[in-house]
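One-letter residues, chain by chain:
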Amino acid sequence: MWSASLAAGAWYGRGVRRLCWIAAALSACGPPGPKVPVTSALTAGEGWHRRVAIYELSVRSYQDSDGDGIGDLRGLIQRLDHLAELGVGAIWLMPMFPSPLKDSGYDVADYLGVHPDYGTLEDFERLLGEAHRRGLKVMLDLVVNHTSTEHEWFQSSRASRTGEKADWYVWSDGPGPGCEESNVIFGEERWTFDPARGQYYFHQFFSSQPDLNYRSPELAEAVLGVARRWLELGVDGFRLDVPHQYVENWPKCWHQPQTLAFHQRLREEVDKAYDRVLLGEVCCGREEVLRYAGSDRLQLVFYFVGMHATWSAVKWGDASKLAEHLRFAVQNTPPGGLHANTLGNHDIFRTPTTMAAEASGLKLAATLQMTAPGAPVIYYGEEIGMRDGATWAVDIRDYARTPMQWDDTPSAGFTTGTPWLALSEGTAALNVRVQAGREGSLLSHYKRLLALRNRSLALQEGAYEPLATQSSSLVFWRRHPAGDRLVALHFGASGTIAVRAEVPEGWSALVDELSGEEVGEVRGAVWTATQPARAGWVLKPR
Ligand code: GLC
Ligand code: MG
């Protein structure tokens with residue numbers, strides 16, 4: 001388990017270099033859908049992504065509706081009420097397109113369809129309608145650095161060196177140059193011989209995931225066409241898979257200027273529809289990552305350095321790195337952009353493995369996630385403290401992709417059949433039904449936090465003003481004309497800490513909105529308190 005944990009930690013954490021490209025065809029887009037009303041672009045401070053928490057989920061593992069042991073879109077529809085009650089404002093579906101599933105769907109065989117395991121396009125349209133009816137936005141995973149070798153584009157590209165799609169992938173007579181950036185999990189091999197075409201094709205991931213060639217104007221257009229098609233259907237945005245890897249200038253395969261130029265085109269396309277959002281999975285250095293955010297590129301970028309710093313703050317009780325990364329993001333994100341705060345995702349081990357086994361640590365991390373500047377992105381099951389599984393069907397990342405735990409029955413309410421992947425341990429206590437009925441559970445904490453965030457403009461978009469503190473503590477203001485909030489988080493696992501802040505006039509007593517209790521005391525416009533280990537307070541004046 002330890003070496004596995006290292007491998008997954010390395011996935012983002014230690015410069016494990018991965019790559020990606022793009023593709024999708026206009027010609028394959030099918031009949032045009034209903035036209036979306038085109039309105040003027042939103043100004044930088046607007047957009048639904050600035051208000052809500054996003055929830056990432058695997059359709060395959062969320063809820064099965066037909067007893068085949070595989071989650072599906074109809075099952076997900078049955079669980080939308082859980083999401084609305086939890087208080088998230090958007091869901092991001094991991095790829096649910098037709099795929100041979102050699103990379104769990106990140107190897108797409110048809111960008112415009114739905115995998116038969118999960119249902120049909122009609123089911124998806126129903127999901128969209130049902131989600132919207134509950135005020136939930138829906139984001140799809142746009143995986144356009146590469147396709148599956150089974151995609152029609154690749155089949156056609158490999159079939160002829162002179163055909164229409166001949167240059168939609170990257171071909172070479174011999175193995176071409178490698179990339180500076182390494183790609184541990186996917187192997188170091190970058191060129192694979194294709195007997196049909198008699199040439200080698202380039203890939204930054206598995207050899208079953210050929211990279212798309214953005215130097216082909218037709219290919220680039222086709223990818224824009226894929227985005228347009230889903231936007232017309234009413235999808236609210238996309239999570240972009242490895243968006244820093246689209247164009248290579250070997251040996252440099254990441255962060256190339258042509259890649260950023262494409263994102264500007266994609267954003268223009270997205271802005272033709274009203275209030276749609278791009279969220280980029282950009283790796284790794286914080287300067288590089290933040291460069292992808294802004295009013296003429298992606299609205300949101302994951303900020304994985306902040307995630308790692310949160311893990312160590314909770315694990316070791318030292319929040320100094322976290323404080324520094326938050327300050328950096330706030331000061332350096334270009335206007336119109338925002339960083340996204342995560343605790344985990346489908347590529348790494350779950351929070352009880354990476355961060356804290358006890359609920360107190362998980363609660364504190366959630367309090368940080370929902371109060372710090374940036375957009376919270378929750379990974380399914382985090383709200384109940386789900387643990388890693390112990391088996392995999394595709395690769396070790398399946399540890400974090402086990403079926404959602406709804407109740408304490410043998411298949412945890414996920415299916416009436418045999419789950420496609422064994423459940424993780426601890427379902428008796430780690431499930432939605434048990435925790436929903438228990439005051440003080442992790443799930444109740446998430447609900448309270450999200451409700452708080454949803455009604456507080458200060459927590460959503462207030463100016464961030466950190467105070468100097470000891471390294472085990474993080475204290476910051478979120479200032480907003482609608483009312484300031486003071487947040488105090490103590491990461492130490494034992495002992496107490498003294499906290500202090502100058503407070504505005506009228507703040508004669510401070511109440512923690514999470515517990516409803518008054519904490520500390522105010523004297524001469526200075527508030528002081530003694531904060532217990534792993535406590536997190538969201539304070540307002542009484
Ligand atoms: C991204 C995805 C990962 C996938 C890879 C290739 O990093 O998060 O799951 O394997 O890209 O598409
Ligand atoms: Mg099913």
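Because the structure is a prediction, the values reported are computed rather than measured. (Residues numbered from 1 in each chain as written. Chains lettered and ligands numbered in written order. Predicted model: local features only at pLDDT ≥ 70, side-chain atom pairs only at ≥ 80, totals over all residues. Heavy atoms only, no water.)

### As for the state of the cysteines
Per the stated rule, a full pass over the model turns up 2 disulfides. Between C179 and C253 runs a disulfide, and the two sulfur atoms are separated by 2.1 Å. Disulfide C179 to C253: torsion about the S-S bond roughly -85°, handedness left-handed. Placement of the pair is C179 in the loop between strand 4 (171-172) and strand 5 (191-194) and C253 in the loop between strand 7 (237-240) and helix 8 (257-271), with a sequence separation of 74 residues. The disulfide partner of C283 is C284, and the S-S distance across this bridge is 1.6 Å. Judged by the sign of its S-S torsion, about 40°, the cystine formed by C283 and C284 is right-handed. Taking the relative accessible area as the measure of exposure, C283 reaches 0% and is therefore buried. When the cysteines engaged in disulfides are numbered in sequence order, the protein pairs them as 1-2, 3-4. (Disulfide = S-S within 2.5 Å. Helix = DSSP H or I, 4+ residues; strand = E, 2+ residues; numbered from the N terminus. Buried < 20%, exposed > 50% of the residue type's maximum accessible area, 1.4 Å probe, protein only.)

### Looking at the sheet that holds strand 16 (residues 510-512)
Within a sheet, neighbouring strands are paired by backbone hydrogen bonds and run either parallel or antiparallel to one another. As summarised here, the arrangement of the 5 strands in space is 12-13-14-19-16, forming an open sheet in which the pairing is antiparallel. Every other strand in the sheet has two partners, leaving strand 12 (463-467) and strand 16 as the edge strands with one partner each. The sheet shows a mean angle of 25° between the axes of neighbouring strands, taken without regard to direction. (Pairing = 2+ DSSP bridges. Axes fitted to C-alpha atoms, helices over the stretch in contact; angles between N-to-C directions.)

### Some words on the domain arrangement of the protein
Along its sequence, the protein is carved into domain 1 (3-22 + 49-148 + 216-455), domain 2 (152-202) and domain 3 (458-541). Taking only C-alpha atoms into account, the centre of domain 1 sits 30 Å from that of domain 3. Contact with domain 1, which involves 30 residues of that partner, is made by 21 residues of domain 3. Surface buried jointly by domain 1 and domain 3 totals about 2200 Å² across both partners, of which 63% is contributed by carbon and sulfur atoms. When the buried area of domain 1 at its contact with domain 3 is split by residue, L364, T371 and L452 rank highest and sum to 27% of it. In this structure, the connection of domain 1 to domain 3 is made through 3 salt bridges. (Domains from an automatic or database assignment. Contact = heavy atoms within 4.5 Å. Buried area = accessible area lost by both parts, 1.4 Å probe. Salt bridge = Lys/Arg side-chain N within 4 Å of Asp/Glu carboxyl O.)

### Observations concerning the coordination of the magnesium ion (ligand 2)
Of the protein atoms, only D64 (OD), D66 (OD), D68 (OD), I70 (O) and D72 (OD) coordinate the magnesium ion (ligand 2), at distances of 2.2 to 2.3 Å. All donors of the magnesium ion (ligand 2) belong to a single chain; written as a sequence motif, their spacing is D-x1-D-x1-D-x1-I-x1-D. For D68, a relative accessible area of 38% corresponds to the partly exposed category. (Donors = N, O, S within 2.8 Å, 3.2 Å for Na, K, Ca; no water.)

### Quick word on the nonpolar core
Within the largest apolar cluster, 132 residues are counted, with the highest numbers of intra-cluster contacts made by Y55, L93, F124 and W230. Of the residues forming this core, the biggest block, 10 residues, is contributed by helix 7 (residues 217-233). (Core = buried A, V, L, I, M, F, W, Y, C linked by side-chain atoms within 4.5 Å.)

### Things to note about unusual backbone geometry
Between W250 and P251 the backbone carries a cis peptide bond, its omega angle lying at 5°. With respect to the helices and strands, P251 occurs in the loop between strand 7 and helix 8. The amide bond that connects C283 to the next residue, C284, takes the cis arrangement and shows omega of -5°. By the secondary structure assignment, C284 is in the loop between strand 8 (277-280) and helix 9 (286-290).

### As for the side chain of H244
Relative to the helices and strands, H244 resides in the loop between strand 7 and helix 8. Note on H244: relative accessible area 0%, which makes it buried. Polar contacts involving the side chain of H244 include one to the side chain of Q245, which spans 3.1 Å. (Polar contact = N/O pair within 3.5 Å; in protein donor to acceptor, adjacent residues only side chain to side chain.)

### Quick look at the packing of aromatic side chains
Inspection of the entire model under this criterion finds 28 aromatic pairs. With 5.3 Å between their ring centres and 15° between their planes, F302 and F304 make a pair best called stacked. The pair F302 / F304 is uniform in exposure class, with both members buried. The rings of Y55, Y62, Y379, Y380 and W406 are connected pair by pair, giving a single aromatic cluster. Lying across the ring of W420, R60 places its NZ or CZ 4.8 Å from the centre. For the cation-ring pair, K165 lies above W168, with the distance from its terminal atom to the ring centre recorded as 5.3 Å. (Phe/Tyr/Trp six-rings, centres within 6.5 Å; stacked < 30°, edge-to-face > 60°. Lys NZ or Arg CZ within 6 Å of the ring centre and 35° of its normal.)

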